[in-house]
Amino acid sequence: MRERLRENLDRVIWNIEQARIQVSEHHIVKLVAVGKYSDEESIRLLYELGQRAFAENQVQQLANRVESLKSLPIEWHMIGTLQTNKINRLIELKPYLLQSLSSLKLAEALNSRLEKKETTMNALLQINSANENSKSGVKVDEAVDIYQEIKERYPHIKLKGVMSIGALSSSKKIVQKSFETTYNIYEKLKRDGAEICSMGMSGDYELAIKCGSNLVRIGSKIFK
Ligand SMILES: *Cc1c(COP(=O)(O)O)cnc(C)c1O
């Protein structure tokens, strides 16, 4: 299993390298390994191979893994839909980054609980870049305003940038368009301090990087 993980990780890092060099030698891309199809033993092995940032898409799963891998100084990301009744649990876990802040309403609820607990949380605003009903995230034409509103009204949330899932389509053009849409919003938000543009999963991370992504979230191509 260790050898397979090593091969997968090497291949993904190599592909990221090829894509990011085409953007610029100064364009550095962070790899976040998504453990949802995997087990704790694989995460531990990947850590031994040098991987440091991991993500989960469910609060309960994240809680289990934070607990059982607490001896390892892992950087944990939350990337899935966050239900209001899981907010307190998430705050206790002190994730490095909540990538899926998906509405103004959720921001309000999160901020008030953070305020009560006298703490803060780093977050990315999730954008529904292809306007798909199946996906969470703010609408493209509201994203800049909502980002600024969260920054002004909810000071316990430390916004670091944006996250988006590429359009669900077999057409490369359509997927690319959704990445370009997110990147344009990210560019506008740089003056508001946005630093992270999280786009790209196993099926489309090279394309996402060429469109400007500086954080990719990869599960199946590493763990399967
Ligand atoms: C599952 C998931 C990923 C990783 O998906 P793969 O296609 O397996 O790489 C990335 N981002 C989010 C939000 C996910 O839910």
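Residues numbered from 1 in each chain as written. Predicted model: local features only at pLDDT ≥ 70, side-chain atom pairs only at ≥ 80, totals over all residues. Heavy atoms only, no water.

Q: Please clarify how the packing of helix α5 (residues 104-116) against helix α6 (residues 143-153) should be interpreted in this entry.
A: In a pair of packed helices, the angle between the axes and the distance between the axes together describe the arrangement. Contact geometry of α5 with α6 gives a least axis separation of 11 Å together with a crossing angle of 15°. Considering their axes alone, α5 and α6 lie roughly parallel with respect to each other. Both α5 and α6 take part in a crossing whose hand is right-handed. Only I146, E149, I150 and R153 of α6 make contact with α5, whose side of the interface consists of L104, A107 and N111. Looking at the contact of α5 with α6, its residues break down into 4 nonpolar, 1 polar and 2 charged. (Axes fitted to C-alpha atoms, helices over the stretch in contact; angles between N-to-C directions. Helix = DSSP H or I, 4+ residues; strand = E, 2+ residues; numbered from the N terminus. Parallel < 35°, antiparallel > 145°, perpendicular 65-115°, else oblique. Left-handed = near helix turned anticlockwise from the far one by under 90°. Contact = heavy atoms within 4.5 Å. Nonpolar A, V, L, I, M, F, W, Y, C, P; charged D, E, K, R; others polar.)

Q: Would you explain helix α1 (residues 2-23) in this entry?
A: End to end, α1 covers 32 Å across 22 residues, agreeing with the expected 32 Å (1.5 Å per residue, within 8%). By the burial criterion, the buried members of α1 are L5, N8, L9, V12, N15, I16, A19 and R20. Taken end-on, α1 shows its buried residues confined to a sector of 130°, consistent with a single buried face. Exposed residues lying more than 90 degrees from the buried face of α1 are W14 and Q22. Those residues of α1 that are buried lie in contact with β1 (30-34), α2 (40-48), α8 (205-210), β9 (215-218) and α9 (220-223). (Expected span 1.5 Å × (residues − 1). Buried < 20%, exposed > 50% of the residue type's maximum accessible area, 1.4 Å probe, protein only. Arc of directions from axis to C-beta.)

Q: Sorry if this is basic, but what is going on with the packing of aromatic side chains here?
A: Aromatic ring pairs are defined here through the distance separating the ring centres and the angle between the ring planes. All chains considered together, the criterion is met by 2 aromatic pairs. On the basis of an interplanar angle of 55° and a centroid distance of 5.7 Å, the ring pair of Y183 and Y186 is categorised as tilted. Here Y183 and its partner Y186 are both found in helix α7 (residues 172-189), 3 residues apart, which amounts to about one turn of the helix. Judged by its relative accessible area of 6%, Y186 is buried. Across from the ring centre of Y47, 3.8 Å away, lies the NZ or CZ of R52, which sits over that ring. The ring of Y37 has K224 sitting right over it, with the charged end atom 4.3 Å from the ring centre. (Phe/Tyr/Trp six-rings, centres within 6.5 Å; stacked < 30°, edge-to-face > 60°. Lys NZ or Arg CZ within 6 Å of the ring centre and 35° of its normal.)

Q: How should I be thinking about the packing of α6 against α7 in this particular structure?
A: Packing of α6 against α7 brings their axes to within 10 Å, and their N-to-C directions diverge by 40°. Accordingly, the angle class assigned to the pair α6 and α7 is oblique. Handedness of the α6/α7 crossing: right-handed. Contacts from A143, V144 and Y147 in α6 reach I185, K188 and L189 in α7. A per-class count over the contact of α6 with α7 returns 5 nonpolar, no polar and 1 charged.

Q: What exactly am I supposed to notice about the site of the ligand here?
A: Surveying the vicinity of the ligand reveals the residues V34, K36, Y37, I79, I165, M201, S202, R217, I218, G219 and S220. Residue R217 places a side-chain N or O atom 2.9 Å away from a nitrogen atom belonging to the ligand. In the shell around the ligand, the residues fall into 6 nonpolar, 3 polar and 2 charged. (Near = heavy atom within 4 Å. Polar contact = N/O pair within 3.5 Å; in protein donor to acceptor, adjacent residues only side chain to side chain.)

Q: Teacher, can you tell me more about the pairing of strand β5 (residues 121-128) here?
A: For β5, a buried count of 7 out of 8 residues is recorded, marking the element as mostly surrounded by other parts of the structure. Of the pairings in the sheet, the one linking strand β4 (residues 97-101) to β5 comprises 2 bridges and is parallel in character. Within β5, the residue paired with L101 across the bridge is L125. In this region the chain leaves β4, passes through α5 and returns to the parallel neighbour β5; the handedness of that crossover is right-handed. For β5 and strand β7 (residues 157-164), the ladder comprises 7 bridges, and the chain directions are parallel. Looking across to β7, one finds that I127 is bridged to S164. In this sheet, strand β6 (residues 138-139) lies alongside β5 in parallel orientation, the contact comprising 2 bridges. Each residue of the ladder has a partner; that of N128, found in β6, is K139. (Pairing = 2+ DSSP bridges. Right-handed = clockwise from strand over helix to strand, strands pointing away.)

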